[in-house]
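Single-letter residue listing:
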Amino acid sequence: SGLDVPAHSMGAAPALLLAPLQLSASIRGYVPRLHRLSGGLYTAGVLIGGLGGLSLSTHATGGAASGVAFALLAVLWMGVTGIGIRHAITGDLALHRRWMIRSIALTASAITLRLTLGIGQGVLHLPFVPVYIFAAWSCWTVNLALSELGLHWPSIRAKWLSPRPLAGVGVGHG
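Along every chain, residues carry numbers that run from 1 in the direction the sequence is written. Note on the predicted model: pLDDT of at least 70 is required for a residue's local features to be given, and 80 or more for side-chain atom pairs to be given and counted; whole-chain, interface and lining totals, by contrast, use all residues. Note that water and hydrogens are dropped before the side-chain values are worked out from all heavy atoms of the structure.

Participant: Could you clarify how one ought to interpret the nonpolar core in this entry?
Facilitator: Across soluble globular proteins, you tend to see nonpolar side chains buried next to one another. With 25 residues, the main nonpolar core has Tyr42, Phe70, Trp77, Leu106 and Trp140 as its most contacted residues. For helices the rule is a DSSP run of H or I covering at least 4 residues; for strands it is a run of E covering at least 2, with both sets numbered from the N terminus onward. At the level of elements, α1 (4-23), α3 (32-57), α4 (64-89), α5 (93-107), α6 (109-123) and α7 (128-161) are the ones that each hand at least two residues to this core. For this core, the element with the most residues is α7, which contributes seven residues. Throughout, a contact is declared for two residues whenever any of their heavy atoms are within 4.5 Å. Discounting chain neighbours no more than four positions away, the residues touching Trp140 are Ala69, Leu72, Leu73, Leu76, Leu106 and Ser109. Think of a nonpolar core as a cluster: buried Ala, Val, Leu, Ile, Met, Phe, Trp, Tyr and Cys residues, connected wherever their side-chain atoms sit within 4.5 Å. Only protein chains enter the accessibility calculation, which uses a 1.4 Å probe. A residue is then buried if its area is under 20% of the maximum for its type, exposed if over 50%, and partly exposed in between.

As structure tokens, this is what we get:
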């Protein structure tokens, strides 16, 4: 429809602009009402931007190869944000934070998409459509993978970087 581009832009842009405010521990701690208000606006932006993006995905440059990537991004963006909001409503703020970090990672895919396109086109001088298809997939999968790495880093670090006993050292010989 003629509303998908403005809906996507008018929803996604405020969500992207509000994301840093949502991540601010100072705002959450000292002005929780502002966090909740901007969180509501962020969520509305995700819903409007996600619905617009879902509609746009049906006629994306690169056809189904990029359209499926953008459709998955839109559905995940709205779904992950909804899960995060549900945890806030039920009072599980630790899970709320984790899911909203994922949501913001998906929101930031707008930045990653443009960086990938800029590098592929402007620096590497690769053909547009293959770069676009690659960017459509990598902009959100890489962001989501990095957010998961960040969320799980303490346990990963503990598992892989903690000192391990050497085989055979300190073992009694009987």
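Participant: I would appreciate a short explanation of a nonpolar patch on the surface in the present structure.
Facilitator: Residues with no salt bridge and a relative accessible area higher than 30% make up the patches, which join like charges within 9 Å and nonpolar side chains (Val, Leu, Ile, Met, Phe, Trp, Tyr) within 5 Å. The method behind every accessible area is Shrake-Rupley, applied with a 1.4 Å probe, and residues are considered shielded solely by the protein chains displayed. A pairing counts as a salt bridge when a side-chain nitrogen of Lys or Arg comes within 4 Å of a carboxyl oxygen of Asp or Glu. Together, Ile111, Leu115, Ile119, Val123, Leu124 and Leu126 line one region of the surface with nonpolar side chains, adding up to about 570 Å² of accessible area. Mapped onto the elements, Ile119 comes out in helix α6. Here Ile119 falls in the partly exposed class, since its relative accessible area comes to 46%.

Participant: How should the packing of aromatic side chains be read in this particular structure?
Facilitator: Pairs of aromatic rings are described using the distance from one ring centre to the other and the angle between the two planes. In summary, the pairing rule links any two rings of Phe, Tyr or Trp, Trp by its six-membered ring, whose centres are within 6.5 Å, and it sorts them by plane angle into stacked for under 30 degrees, edge-to-face for over 60 and tilted for everything else. The tally for this structure, following the rule as stated, stands at three aromatic pairs. Ring geometry for Trp137 and Trp140: centres 6.2 Å apart, planes at 35°, overall tilted. Of the two residues, Trp137 and Trp140 both sit in helix α7, three residues apart, roughly one turn of that helix. Given a relative accessible area of 32%, Trp137 falls into the partly exposed group.

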